[in-house]
Amino acid sequence: MRRRDFSARIGGSLLVLGAVAGALLWSAVRPPVRYFKHVDEAIADREMIRAGRHDLQVHGFLVPGSIIQRAERERGTFAIASGPGRSPAVLGVRCQGLISDAFRVPEACDAPVSPELERFCRIEMIARGTLAADGWLDVTSEDIRVKRWRD
């Protein structure tokens, strides 16, 4: 009688252990959730994105004059803003690595430009990273795609 009781306990323990191992394996193999958001959407959904530590791709435009490169630490910061026709919002980005020269705004854009030429001075980008607890988007320099307007 005692032996049968002991076997049932071992069998039950192995069943629970197998279920836990299966759940862990399933969560490790499952692909991560990736969000593609505009700057205003990323800020509006900030808590939900941060809670899950999801991979985030943010589409926006470089804020002129916001680039700060710290060459001694190979770390820089800049800001991206919502595009035209969207709610105004700005998101700070921390970049690990050197910031590309593709981010540099042409000198002609330092002076006021006409509305027809304004789009040539905007730098459109997609930055991929994670949203940190302090509200900054943490990326590496390889995770930034820059598009310049050309006609």
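First, a word on scope: everything that follows refers to the structure included in this document. (Residues numbered from 1 in each chain as written. Predicted model: local features only at pLDDT ≥ 70, side-chain atom pairs only at ≥ 80, totals over all residues. Heavy atoms only, no water.)

1. A short note on the packing of aromatic side chains
In plain terms, the rule: Classification of ring pairs rests on two measures: the distance between centres of Phe, Tyr or Trp rings, Trp counted by its six-membered ring, which must be within 6.5 Å, and the angle between planes, read as stacked under 30 degrees, edge-to-face over 60 and tilted in between. Look at NZ for Lys and CZ for Arg. If either is within 6 Å of the ring centre and within 35 degrees of the ring normal, a charge sits over the ring.
Taken as a whole, this structure holds 0 aromatic pairs when the rule is applied. Across from the ring centre of Tyr 35, 5.2 Å away, lies the NZ or CZ of Lys 37, which sits over that ring.

2. Some thoughts on the side chain of Ser 82
Our working rule: Only DSSP runs of H or I with at least four residues qualify as helices, and only runs of E with at least two residues qualify as strands; both kinds are numbered from the N terminus onward. Pairing of N or O atoms within 3.5 Å defines a polar contact, subject to two protein rules: one partner must be a possible hydrogen donor and the other a possible acceptor, and residues neighboring in sequence count only if both atoms are side-chain atoms. The contact criterion used is simple: two residues touch if any of their non-hydrogen atoms lie within 4.5 Å.
Among the secondary structure elements, Ser 82 is positioned in the loop between strand E4 (75–81) and strand E5 (90–96). Here the side chain of Ser 82 touches Ser 87 through a polar contact of 2.8 Å, landing on its backbone oxygen. What Ser 82 contacts, discounting residues up to four positions off in sequence, is Val 39, Asp 40, Phe 61, Ser 87, Pro 88 and Ala 89.

3. What about a nonpolar patch on the surface?
Stated formally: Note that patches include only residues with greater than 30% relative accessible area and no salt bridge, and the join distances are 9 Å for like charges and 5 Å for nonpolar side chains (Val, Leu, Ile, Met, Phe, Trp, Tyr). Each accessible area value is a Shrake-Rupley result obtained with a 1.4 Å probe; residue values ignore everything except the protein chains displayed when judging cover. Between Lys or Arg on one side and Asp or Glu on the other, a salt bridge is scored when a side-chain nitrogen of the former is within 4 Å of a carboxyl oxygen of the latter.
The grouping of Ile 10, Leu 14 and Leu 17 at the surface amounts to a nonpolar patch, some 300 Å² of accessible area in total. Tracing the backbone shows Leu 14 in helix H1 (residues 2–29).

4. Quick notes on the environment of His 38
Mapping His 38 onto the fold places it in strand E1 (residues 34–38). Put simply, His 38 and Val 58 are 20 residues apart on the chain and 5.4 Å apart in space, counted from C-alpha to C-alpha. Those residues in contact with His 38 that sit more than four places away from it in its chain are Val 58, His 59 and Arg 86. Polar contacts involving the side chain of His 38 include one to the side chain of His 59, which spans 3.2 Å.

5. Comments concerning the pattern of salt bridges
Stated precisely, the cut-off is as follows: Classification of residues uses two cut-offs on accessible area relative to the type maximum, computed with a 1.4 Å probe and protein chains only: under 20% is buried, over 50% is exposed, and between them is partly exposed.
This structure, assessed with the given rule, holds 7 salt bridges. A salt bridge links Asp 40 to Arg 86; the shortest N-O distance between them is 3.1 Å. Of the two residues, Asp 40 sits in helix H2 (residues 39–44) while Arg 86 sits in the loop between E4 and E5, which places them 46 residues apart along the sequence. Accessibility expressed as a relative area gives 13% for Asp 40, which makes it buried. In this structure Arg 86 comes out as partly exposed when scored by relative accessible area, which is 31%. The partner of Arg 86 in a salt bridge is Glu 41, and the shortest N-O contact between them spans 3.0 Å. Of the two residues, Arg 86 sits in the loop between E4 and E5 while Glu 41 sits in helix H2, which places them 45 residues apart along the sequence. A network of salt bridges, in which partner residues are shared, links Asp 40, Glu 41 and Arg 86.

So far we have only geometry, and geometry alone does not tell us how the molecule works.
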